[in-house]
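Here's the letter readout for the chains.
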Amino acid sequence: MNFRFLFFALTLICLLSIMGCSGISDTDEKADNDSEVKEVSNNEELDGSSGDVIPKPPSLTVFVGEETIRPSLGTYSWSIDNGDGTASVIEADSAAPPELVKDSNPMQVTADTNVELDFEEQPESYTVRIWDDDNNVVNSSDEVVLSGKGKIVYEVLAHWEQGTASYAFSLYIE
């Protein structure tokens, strides 16, 4: 009889432990639904009665000769006036530019290749920075400087009235 009771108690303990470690609960599911993020294009409101707006900076396209590059959006801070005395603001952090582009295949260029930056909305100002492999800025300019050899990581740090955004891309200079 003691064996049956011991077997039943151990079985019950095992089942409760498995259920406790599963991580499923009503609270977790509700928290996941409450923190859902919806992405919208710049200055576009979401459908629905909530009227929530998720601010996002303008996109950047880099024209390299006849080719185009869509840089990775890095860290940014962006806000939109809701028109009712409130603002929708988002601050997003990311890895350093060398980490953002480490798995991308850089476009091969020569030192005389024409590189142009085309913003969806022209910023008030921007700076183009060159990063080394140790996550240090080694050069800063108001244009893309094609100097050196090998893979070069660029960050474009742009400023608008609504906020600031960082974009990263890499080129392989022959």
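Look up: the structure comes first, before these words.
Just so we're clear, the structure is a prediction, and the values are computed from it rather than from any experiment.

Participant: Would you explain the environment of Ala92 in this entry?
Facilitator: Mapping Ala92 onto the fold places it in strand S4 (residues 87–92). A residue is classified by how much of its surface remains accessible, and Ala92, at 22% relative accessible area, is partly exposed. Look past the residues within four positions of Ala92 in its chain and what remains in contact with it is Gly74, Thr75 and Tyr76.

Participant: What is the right way to look at the nonpolar core in this model?
Facilitator: Among the nonpolar cores identified, the biggest contains 25 residues, and Tyr154 and Leu171 are the most heavily contacted of them. Those elements giving two or more residues to this core turn out to be strand S1 (60–64), strand S3 (72–81), strand S6 (115–119), strand S7 (125–131), strand S9 (150–160) and strand S10 (163–173). Discounting chain neighbours no more than four positions away, the residues touching Tyr154 are Val128, Arg129, Ile130, Val144, Val145, Leu146, Tyr167, Ala168, Phe169, Leu171 and Ile173.

Participant: Would you take a moment to explain the side chain of Thr61 for this structure?
Facilitator: Inspection of the secondary structure assignment puts Thr61 in strand S1. Judged by its relative accessible area of 13%, Thr61 falls in the buried class. A distance of 2.6 Å separates the side chain of Thr61 from the side chain of Arg70, its partner in a polar contact.

Participant: Mind showing me how you'd approach the pairing of S6 here?
Facilitator: The side chains of a regular strand alternate, residue by residue, between the two faces of the sheet. Burial of S6 is one-sided: the residues Val115, Leu117 and Phe119 facing one way are buried, the residues Glu116 and Asp118 facing the other way are not. Sheet topology places S1 next to S6; 5 bridges connect them, and they run antiparallel. In the strand pairing of S6, Phe63 is matched with Glu116.

Participant: Honestly, the sheet that holds strand S2 (residues 67–69) in this entry has me stumped. Any pointers?
Facilitator: The strands that make up a sheet are held in pairs by hydrogen bonds between backbone atoms, and each pair lies either parallel or antiparallel. A sheet is described by the order of its strands in space; here 3 strands give the open sequence S2-S1-S6, paired in antiparallel fashion. At either margin of the open sheet sits one strand with a lone partner, and together these are S2 and S6. The average angle at which neighbouring strand axes cross in this sheet is 25 degrees, direction not considered.

Participant: Which parts of the structure should I look at to understand unusual backbone geometry?
Facilitator: With glycine set apart, most residues show a phi of negative sign, and most peptide bonds adopt trans. In this structure, Asn135 takes a positive phi of about 60 degrees despite not being glycine. Residue placement: Asn135 occurs in the loop between S7 and strand S8 (137–141).

Participant: Help me understand the packing of aromatic side chains in this model?
Facilitator: Applying the stated criterion to the full structure yields 5 aromatic pairs. On the basis of an interplanar angle of 70 degrees and a centroid distance of 6.2 Å, the ring pair of Phe119 and Tyr167 is categorised as edge-to-face. Remark: Tyr167 occurs in strand S10 and Phe119 occurs in strand S6; sequence separation between them is 48 residues. Like Phe119, the residue Tyr167 is buried in the burial classification. Connected via pairs of aromatic rings, a cluster forms that spans Trp78, Phe119, Tyr126, Trp160 and Tyr167.

What counts as what
- Residues numbered from 1 in each chain as written.
- Predicted model: local features only at pLDDT ≥ 70, side-chain atom pairs only at ≥ 80, totals over all residues.
- Heavy atoms only, no water.
- Helix = DSSP H or I, 4+ residues; strand = E, 2+ residues; numbered from the N terminus.
- Buried < 20%, exposed > 50% of the residue type's maximum accessible area, 1.4 Å probe, protein only.
- Contact = heavy atoms within 4.5 Å.
- Core = buried A, V, L, I, M, F, W, Y, C linked by side-chain atoms within 4.5 Å.
- Polar contact = N/O pair within 3.5 Å; in protein donor to acceptor, adjacent residues only side chain to side chain.
- Pairing = 2+ DSSP bridges.
- Axes fitted to C-alpha atoms, helices over the stretch in contact; angles between N-to-C directions.
- Phe/Tyr/Trp six-rings, centres within 6.5 Å; stacked < 30°, edge-to-face > 60°.

Distances and angles like these do not, on their own, reveal function.
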